[in-house]
Amino acid sequence: EEKEMILVGITINDGATITRNNTLNIKVAAINASQVNISEDGQKTDNWVMYQDIITYELKDTTNGTKTISVWIRDAEGNELNKVVTAQIEKIDSGT
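Note that the structure is predicted; figures quoted are calculated from it, not measured. (Residues numbered from 1 in each chain as written. Predicted model: local features only at pLDDT ≥ 70, side-chain atom pairs only at ≥ 80, totals over all residues. Heavy atoms only, no water.)

Q: Explain the environment of Gln 88 to me, please; I cannot follow it from the model alone.
A: Along the chain, the position of Gln 88 falls in strand β8 (residues 85–91). Owing to a relative accessible area of 53%, Gln 88 belongs among the exposed residues under this scheme. Considered as a pair, Gln 88 and Gly 65 are 23 residues apart in the sequence and their alpha carbons are 10 Å apart. Among the polar contacts made by the side chain of Gln 88, one reaches the side chain of Thr 68 at a distance of 2.8 Å. (Helix = DSSP H or I, 4+ residues; strand = E, 2+ residues; numbered from the N terminus. Buried < 20%, exposed > 50% of the residue type's maximum accessible area, 1.4 Å probe, protein only. Polar contact = N/O pair within 3.5 Å; in protein donor to acceptor, adjacent residues only side chain to side chain.)

Q: Help me out: how do you make sense of the sheet that holds strand β1 (residues 6–12) in this one?
A: Two pairing modes exist for strands in a sheet, parallel and antiparallel, and in both the strands are linked by backbone hydrogen bonds. Pairing in this open sheet of three strands is antiparallel, and the strands run β1-β3-β6 from one edge to the other. Two strands close off the open sheet at either side, each with one partner strand: β1 and β6 (54–58). Sheet twist, expressed as the average angle between the axes of neighbouring strands with direction ignored, equals 30°. In terms of strand pairing, strand β3 (residues 23–31) meets β6 through five bridges, oriented antiparallel. (Pairing = 2+ DSSP bridges. Axes fitted to C-alpha atoms, helices over the stretch in contact; angles between N-to-C directions.)

Set out below in structure tokens:
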């Protein structure tokens, strides 16, 4: 029997609004998710990663500015939930 997947939302870096780091910690609030797809251009990628509470994500576009992170989920059988959630964070100079 198929368990219902629920995708509540995502939080980047504990809800911070800015970051100097190219590595983001993305908390995915979901139920019955097996894998997660993370993108910064709004397009689903070929790269599905194992679902965990906190997923480390390396920015591909490391220039300064607002980044919109999109997340999709699928279950162990590969069924994708037809929903995307997004969150934003602003990348600023590392100040070095």
